[in-house]
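A structural walkthrough
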Amino acid sequence: MKPCIFCQIQAGELPASVVYEDERAMVILDLFPVREGHCLVIPKVHAPLVEELSTEMTSHLMDLARRTIKAQKRAGLPVKAHNLVINDGREANQHVPHVHLHVIPRRGGDTLATAFTWATRLLNIFGMGKRRKKLDRLAGLLSEHFPGSS
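Described below are features of the structure shown in this document.

**Notes on the overall build of the protein**
Each helix and strand in the protein was counted, giving 4 helices and 5 strands. Long-range pairs, those at least 24 residues apart, make up 65% of the contacts in the protein between residues at least 6 apart in sequence.

So this is what it looks like as structure tokens:
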């Protein structure tokens, strides 16, 4: 069986715009963002469901989400709030069977645009080279502002 896309990214077999990485997890920019700065927090251990993660890993993922939020604000993204989303299982609309936490910046007044983008985000596969360059620049900016573990 072919490894999942997140395992391939962690192995360096597929590209990603990495904001942060440590020995347990990584933060990357979503290739099809709902809003600018939309990040994914991904454990390095392959686990399709949250219930398969240890308490320590679950806590670490939430800490990385907290630090991602700080980085987004410190980097100057127009952020007023966030959605933290985990789709846990295929029936919950989980497209990649590997736990990942979406950290989606919200500006306020963007509910309709966010709902539309969320529903159609995987349809846009064109302009990947240009998209990757833009995401890599943003990942560098967020990485510069990513706080330590304090």
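**Re the pairing of strand S3 (residues 39–43)**
With respect to burial, S3 is a largely interior element, 5 of its 5 residues being buried. Burial along S3 is two-sided: Cys-39, Val-41 and Pro-43 and Leu-40 and Ile-42, pointing in opposite directions, are all buried. In terms of strand pairing, strand S2 (residues 25–29) meets S3 through 5 bridges, oriented antiparallel. Note on S3: the bridge partner recorded for Leu-29 is Cys-39. Pairing analysis gives 3 bridges linking S3 to strand S5 (residues 101–106), with the strands arranged antiparallel. Bridging across to S5, Cys-39 finds its partner in Val-103.

**Considering helix H2 (residues 55–74)**
With 20 residues, H2 extends 29 Å from end C-alpha to end C-alpha; this agrees with the ideal 28 Å at 1.5 Å per step. Within H2, the full set of buried residues consists of Met-57, His-60, Leu-61, Leu-64, Ala-65, Arg-67, Thr-68, Ile-69, Ala-71 and Gln-72. Considering only its buried residues, H2 is in contact with strand S1 (18–21), S2, S3, strand S4 (81–85), S5 and helix H4 (128–144). One or two positions beyond H2, positive phi appears at Gly-76, with a value near 90°.

**Structural notes on the pattern of salt bridges**
All told, the structure shown has 6 salt bridges when counted by the stated rule. Note that Glu-21 and Lys-44 form a salt bridge whose closest N and O atoms lie 2.8 Å from each other. In this pair, Glu-21 is assigned in strand S1 and Lys-44 in the loop between S3 and H2, connecting sequence segments 23 residues apart. We note a salt bridge from Arg-67 to Asp-63, for which the minimum N-O separation is 3.3 Å. Placement of the pair is Arg-67 and Asp-63 together in helix H2, with a separation of 4 residues, close to one helical turn. Salt bridges sharing common partners tie together Asp-63, Arg-66 and Arg-67.

**So, the side chain of Asp-30**
Inspection of the secondary structure assignment puts Asp-30 in the loop between S2 and S3. Reaching out from Asp-30, the side chain makes a polar contact with the backbone nitrogen of Phe-32 at a distance of 2.7 Å.

**Quick look at H4**
In a regular helix each residue adds 1.5 Å, so 17 residues correspond to 24 Å; H4 covers 24 Å between its end C-alpha atoms and thus fits that length. For H4, every residue scored as buried is listed here: Arg-131, Arg-132, Leu-135, Leu-138, Ala-139 and Leu-142. Looking straight down H4, one finds its buried side chains confined to an arc of 135°; they lie on one side. Turned more than 90 degrees from where H4 packs its buried face, Gly-129, Lys-130, Lys-133, Lys-134, Arg-137 and Glu-144 sit exposed. The inward-facing, buried residues of H4 contact S1, S2, S3 and H2.

**What about the sheet that holds S1?**
Strand order in the open sheet formed by 5 strands is S1-S2-S3-S5-S4, and the pairing between neighbours is antiparallel. Only two strands of the sheet have a single neighbouring strand rather than two, namely S1 and S4. Within this sheet the neighbouring strands show an average axis-to-axis angle of 15°, counted without direction. Sheet contacts for H2: S1, S2, S3, S4 and S5; angle to S3, the most-contacted strand, approximately 155°.

Conventions used here
Going along each chain's sequence as written, the residues are numbered from 1 onward. Under the rules for a predicted model, residues below a pLDDT of 70 receive no local features and side-chain atom pairs below 80 are neither given nor counted, while totals for whole chains, interfaces and linings still include all residues. Derived side-chain values reflect all non-hydrogen atoms in the structure, with water molecules and hydrogen atoms excluded from consideration. Helix and strand labels come from DSSP, where a helix needs a run of H or I of at least four residues and a strand needs a run of E of at least two; each type is numbered from the N terminus. Note on contacts: a residue pair qualifies if any of its non-hydrogen atoms lie within 4.5 Å across the two residues. Using a 1.4 Å probe on the protein chains alone, a residue whose accessible area is under 20% of its type maximum counts as buried, one over 50% counts as exposed, and one in between counts as partly exposed. If DSSP finds at least two bridges between two strands, the strands pair. Take the number of residues in a helix, subtract one, and multiply by 1.5 Å to get its expected span. The salt bridge definition used is simple: a Lys or Arg side-chain nitrogen within 4 Å of an Asp or Glu carboxyl oxygen. In protein, a polar contact means a hydrogen-donor-capable atom and an acceptor-capable atom, both N or O and within 3.5 Å, with residues adjacent in sequence counting only if both atoms are side-chain atoms; elsewhere, any N or O pair within 3.5 Å suffices. Think of it as the arc spanned by the lines of direction from the helix axis to the C-beta atoms. Only C-alpha atoms enter the line fits that serve as axes; for helices the fit covers just the stretch in contact. Angles between N-to-C directions range over 0 to 180 degrees.

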